Amino acid sequence: MNILIIEDEIRIAKRVERMTKEFFLNTLKKITSVQSLAEGLEFIKTNSLDLVLLDLNLNGENGFDVLQETASGAFHTIIISANKHEALKAFEFGVLDFVPKPFNKERIELAFNRIVKKEEVGTENLQFLAVKKRGGIHLVNIEHVNYIKGAGVYTEIFLTNGEKELHDKSLEKLSQLLPKSFERIHKSYLVKTTQIKEIIVKTGSQYAVELHNGEILPIGRTKYKALKETLFN
Amino acid sequence: MKFNNLYRVAFILIVLVSTSCHHKSLSWKGEIVYSLNNQNWENKIDLKGGEVFFTKTEIEIVQSPVEFQTFGLNLSNTFGEFEIFWDGVLIGKNGNPGKESKSTLTGAMWRAYKIPNHLSQKGTHQLVLKRSLFHAPEYTGLNAFVSDYDYLLEHPLIYTAFMHIFAGGFLLAALYFFFHYLGNKSEKTILIFSSSCFLFFGLILMEFIRTYISIHYSQHAIRMEIISYLTFFIAILVPLYFSLQFSFPKQKVILMLYTGFLIYIFYRNHQRYDDTSYNMALTMWFFSFAIALHGVYKKYKGAFIVLLALLICAFINNISYFDTSLFAGFGVIVLGMLYILSIKAKEQRLAYENSLLQSTRLRTELLKKSIQPHFLMNTLTSLIDWVEEAPDKGVLFIEALAAEFDVLNQVENETLIPISQEIKLCKSHISIMKFRKEVDYIWEDEGINENIKQLIPPAVIHTLLENSITHCLPSDENKMGFKLIAFTTTNTQEYTFLTFGKIRNQQKSTADGTGFKYIKARLTESYGEDWTFTSEATNEGWKNTITIQK
């Protein structure tokens, strides 16, 4: 695990660092702590990361600008902030968890567990997927998403208007963040259930879904049962 | 002064003013009735004073009185003591002609005399006054007309009654606004308004006093002097009032020129009292009109209404006689003045309410400093960590926190506190931040003197300190220094707050941040506009300067 802590309160940064070390133990490869957004952004650009722990209010600057940047990254973001009222907005941008200050060990480990156990966040708050584009970060409203296809460490987001966007996060990570209206139908596909027109049963126990736009996507053998339950219950 | 009879009835004829005069060389036919022959009458007469002479004129009655109606002869603004002969019959007596120097002053200048019914039939009649002008030999003129006798008695009383109601309104306004002024002596415009109302009350009273107090012709000038002085001061006060409400450039010079011109008019033809008063009122009108016009141009509140009032005043002057135009005109102007006062009162009330609201807001702002989540939650998180990791240090941290809350509680309701208390607040904040940031913050101060009054709104330096901690980085030795310098003179109080550290983000301006807004609002609350606040980067860090005019 490569972890970055962005926190301007030294004492709190130390506390987070200590708890992170205690949790991840030897799976932790590297942990870095920076005190400003600028340093944090620089670090994100030049290093490969698995997790960013971010304080939203740093030195009087608003951390939401950075949040878009981190949300578009390949890594998960956990917010540790004093401003609880910003939690909802943070979830809209696709953070894994929001840990309000003051926090204890149990609370921060709850957040870390979501990474380790690949738990779904179970929140319906995600509104946007932040994707990197030329000229900056572009926010894709999830209402305009048809399905998402895994492409190695990246994902391809297929939109209702026929366009396609690339996201740095893996399909696993996105499936953790996306609301329940998205269903994993295949190891490489996340589909918005409302876009499914019908299930096609082929010979030899092969299944597929047809979307309203006519596209046909495969259903994984292990996923069929779950999907059927979701759709018909 | 002429008596303006608005209801003058058509069938009464008024002749005269150019009368014929005659010395006492005529034949007497008894005390009551006498006749004059047509010899030795002259159109002009030179009097030295005291001699008895006769004034004669003809009056034509165009319609005979109806049944039970009595006609009366009205003599107004007529000087002298005299006996009145109507067609050779004595119908009235006004003093004792020829004995003025020896007897007490009797007689009036405005009076109506009953005409016997058999002598008031349609046709030409002769009026003769046996008269002496001991005190004013040059005023030989005579104003006479015939009308219904009851009407001649009633009409002036009714007119006077209405004018006194009018005057009562001005007296009340004068008193009300004078008491208002006593309550707040800084409001000069209110005093001017009150004085104008009072002078105007006096003017009406002096004008109509003749209806119920007989004024002997020798005292006429006293009354007229009073009236012209009253008009003079009104003509000074009204434009002065308008210039205070609608300021214009070179005000003092223009006002002095105006006063000079008014004094010139006042003395130019002083004895012609009516003309003088009228000319002064006219001058006042033109000057006020110019001020109001400029006010409208400058978009001052209420200027348009005043301009309108002045135009109405001009219109009234155009359609009515002197007295009416003077009083009605003044009345409209005073209403205009009153209107501005009411606008100003409303503005003041709103400003006051706003200032109350602002003070409450600032108090809340001050309290919020200690409970806003960013401060409180970060402090508590650090505190938990200290308690878990080093409980003895944690206790010190709690004490530092308690100290800051304690000082904040003490200053919460104040708008100004001694600088020593503000320093206490800053030091307790530094103690807390030392625990949170683990930076060695160093505080210094200079020029603090417990023996002299050095005041500052609460949490102003504290806000600057917070800003510095947020926006500056400690030195390589993990140190950051602060220095507060107080510089006190008799008229000014200056505070310089220096931060020694590296600035995080040079470009980012904090000038519009909530912190600076708080500081500026607090300074305005206590010092109005008598303060300056500058904030700038220096080679060593940051420099804030607050200068207050005492």
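Calculation criteria
- Along each chain, the written sequence defines residue order, and numbers are assigned to residues from 1.
- Lettering for chains starts from A, numbering for ligands starts from 1, and both go in the order in which the items are written.
- Confidence filtering applies because this is a predicted model: local features only for residues at pLDDT of at least 70, side-chain atom pairs given and counted only at 80 or more, and all residues used for totals across whole chains, interfaces and linings.
- Secondary structure elements are defined from DSSP: runs of H or I of at least 4 residues count as helices, runs of E of at least 2 residues count as strands, and each element is numbered from the N terminus.
- Three exposure classes are used, all based on how many other C-beta atoms lie within 10 Å of a residue's own C-beta (placed from the backbone): buried at 20 or more, exposed at 12 or fewer, and partly exposed between those limits.
- What counts as a contact here is a pair of residues whose C-beta atoms, placed from the backbone, lie within 7 Å.
- Strands are treated as partners if at least two bridges between them are detected by DSSP.
- Under this scheme, a helix contributes an axis fitted over its contacting stretch, all axes are lines through C-alpha atoms, and angles between N-to-C directions fall in the 0 to 180 degree range.
- pLDDT measures how confident the predictor is about each residue, on a scale from 0 to 100.
- For this classification, under 35 degrees means roughly parallel, over 145 means roughly antiparallel, 65 to 115 means roughly perpendicular, and everything else is oblique.
- Handedness of a helix crossing follows the sense of rotation of the near helix relative to the far helix, less than a right angle counterclockwise being left-handed and clockwise being right-handed.
- Lys, Arg, Asp and Glu make up the charged group, whereas Ala, Val, Leu, Ile, Met, Phe, Trp, Tyr, Cys and Pro make up the nonpolar group; the residues left over, Gly among them, are polar.
- Buried Ala, Val, Leu, Ile, Met, Phe, Trp, Tyr and Cys residues form a nonpolar core when they are connected through C-beta atoms within 7 Å.
- How far a helix is expected to stretch is found by multiplying one less than its residue total by 1.5 Å.
- Think of the arc as the fan of directions from the helix axis to the C-beta atoms.

### Some remarks on the overall build of chain B
The secondary structure content of chain B amounts to 12 helices and 17 strands. The burial tally for chain B puts 33% of its 550 residues in the buried class.

### Describing the overall build of chain A
Within chain A one finds 7 helices and 17 strands. Residues classed as buried in chain A amount to 37% of the 233 residues present. Restricting to contacts in chain A with at least 6 residues of sequence separation, those with at least 24 account for 50%.

### Regarding the sheet that holds strand 8 (residues 143-148) of chain B
Residues and elements named next belong to chain B. The antiparallel open sheet is built from 3 strands, whose spatial order is 6-3-8. Of all strands in the sheet, those with a lone pairing partner are strand 6 (111-115) and strand 8, marking the two edges. With strand direction ignored, the average angle separating the axes of adjacent strands in the sheet is 30 degrees. Pairing geometry for strand 3 (residues 71-76) and strand 6, over 5 bridges, is antiparallel. Note that in strand 6 the partner of Phe-71 across the bridge is Ile-115.

### Digging into the confidence of the model for chain B
All names here are of chain B. When pLDDT is averaged across chain B, the result is 85; 91% of the residues are at 70 or more. Every residue in residues 1-35 is under pLDDT 50, and counting partners more than four places away or in other chains gives 70 contacts. This prediction of the complex comes with two scores: 0.62 for pTM and 0.81 for ipTM.

### A look at the sheet that holds strand 16 (residues 206-211) of chain A
Within a sheet, each strand pairs with its neighbour through backbone hydrogen bonds, oriented either parallel or antiparallel. Residues and elements named next belong to chain A. Strand order in the open sheet formed by 3 strands is 15-16-17, with antiparallel pairing between adjacent strands. Two strands lie at the open edges of the sheet, namely strand 15 (196-202) and strand 17 (216-219), each paired on one side alone. Along the sheet, successive strands turn relative to each other by an average axial angle of 30 degrees, direction set aside. Judged from the 6 bridges that link them, strand 15 and strand 16 form a sheet pairing that is antiparallel. Directly across from Glu-198, in strand 16, lies its bridge partner Glu-210.

### Considering the pairing of strand 11 (residues 154-159) of chain A
Consecutive side chains along a regular strand alternate between the two faces of the sheet. Residues and elements named next belong to chain A. Summarising the sheet, strand 10 (residues 145-151) and strand 11 pair through 6 bridges and their orientation is antiparallel. Each residue of the ladder has a partner; that of Tyr-147, found in strand 11, is Phe-158. Two successive antiparallel strands, strand 10 and strand 11, enclose a turn made up of 2 residues, where Gly-152 displays a positive phi of approximately 70 degrees. By the bridge criterion, 4 bridges tie strand 11 to strand 12 (residues 164-167) in an arrangement that is antiparallel. The residue bridging Ile-157 from the neighbouring strand is Glu-165, located in strand 12. Hairpin connection from strand 11 to strand 12: 4 residues lie between these consecutive antiparallel strands, with Gly-162 at a positive phi of about 90 degrees.

### Details of the packing of helix 4 (residues 251-268) of chain B against helix 5 (residues 273-297) of chain B
All names here are of chain B. It is the contact of helix 4 with helix 5, at a shortest axis distance of 9 Å, that shows an interaxial angle of 160 degrees. It follows that helix 4 is roughly antiparallel to helix 5 by the angle criterion. In this structure, helix 4 meets helix 5 at a crossing whose hand is right-handed. Contact with helix 4, carried on its side by Tyr-258, Phe-261, Leu-262, Ile-265 and Phe-266, involves Thr-276, Asn-279, Met-280, Thr-283 and Phe-287 of helix 5 and no other residues of that element. Of the residues belonging to the contact of helix 4 with helix 5, the class tally is 7 nonpolar, 3 polar and no charged.

### Topic: the interface of chain B and chain A
Each partner contributes residues to the interface: chain B has 16 residues there, and chain A has 14 residues. For the side of chain B that touches chain A, the secondary-structure elements that each account for two or more residues are helix 8 (373-389), helix 10 (419-437) and helix 11 (460-471) of chain B. Looking at the side of chain B that touches chain A, the element that brings in the most residues is helix 8 of chain B, giving 9 residues. Here the side of chain B that touches chain A is built from residues that sort into 5 nonpolar, 6 polar and 5 charged.

### A look at the nonpolar core
Grouped together as the largest cluster of nonpolar side chains are 53 residues, with contacts concentrated most on A:Leu53, A:Leu54, A:Ile78, A:Ile79, A:Val95, A:Leu190 and A:Val191. Leave out the neighbours within four places in its chain, and A:Ile79 touches A:Leu54, A:Leu56, A:Ala90, A:Val95, A:Phe98 and A:Val99.

### Regarding the packing of helix 11 of chain B against helix 12 (residues 514-527) of chain B
Residue and element names in this part refer to chain B. At a minimum axis distance of 10 Å, the contact between helix 11 and helix 12 shows a crossing angle of 165 degrees. Relative to helix 12, the element helix 11 is oriented roughly antiparallel. Remark: the crossing between helix 11 and helix 12 carries left-handed chirality. Where helix 11 abuts helix 12, its residues Val-460, Thr-463, Glu-466 and Asn-467 lie against Gly-515, Tyr-518, Ile-519 and Arg-522. Taken together, the residues of the contact of helix 11 with helix 12 break down into 3 nonpolar, 3 polar and 2 charged.

### A closer look at helix 12 of chain B
Residues and elements named next belong to chain B. The terminal C-alpha atoms of helix 12 lie 20 Å apart, and with 14 residues this matches the ideal 20 Å at 1.5 Å per residue to within 8%. Taken residue by residue, helix 12 has Gly-515, Tyr-518, Ile-519, Arg-522 and Leu-523 as its buried positions. For helix 12, the arc enclosing every buried residue in end-on projection is 125 degrees, short of the 170-degree limit, so these residues lie on one face. Looking at the residues trailing helix 12, positive phi occurs at Gly-528, about 60 degrees.

### A word on the pairing of strand 13 (residues 182-186) of chain A
All names here are of chain A. Of all 5 residues in strand 13, 5 are buried; the element is thus mostly enclosed. Pairing geometry for strand 13 and strand 14 (residues 189-192), over 4 bridges, is antiparallel. Within strand 14, the position partnered with Phe-182 by the bridge is Lys-192. Two successive antiparallel strands, strand 13 and strand 14, enclose a turn made up of 2 residues.

### A closer look at the environment of B:Glu58
Among the structural elements, B:Glu58 can be located in strand 2 (residues 52-61). Separated by 68 residues in the primary sequence, B:Glu58 and B:Gln126 have C-alpha atoms spaced 4.6 Å apart.

### Brief notes about unusual backbone geometry
With an omega of -5 degrees, the peptide bond between A:Lys101 and A:Pro102 qualifies as cis. Checked against the element boundaries, A:Pro102 lands in the loop between strand 7 (97-100) and helix 5 (105-116). A positive phi is found at B:Phe68, a non-glycine position, where the angle reads about 65 degrees. Note that B:Phe68 resides in the loop between strand 2 and strand 3. Non-glycine residue B:Asp87 carries a positive phi angle of around 50 degrees.

### A look at the environment of A:Phe43
Residue and element names in this part refer to chain A. Looking at where Phe-43 falls in the secondary structure, it is placed in helix 2 (residues 37-46). The class for Phe-43 is partly exposed, based on 15 C-beta atoms found within 10 Å. Residues Phe-43 and Leu-4, spaced 39 residues apart in sequence, show a C-alpha to C-alpha distance of 8.3 Å. Each residue touching Phe-43, except ones within four places of it in the same chain, is listed here: Leu-4, Thr-32 and Val-34.

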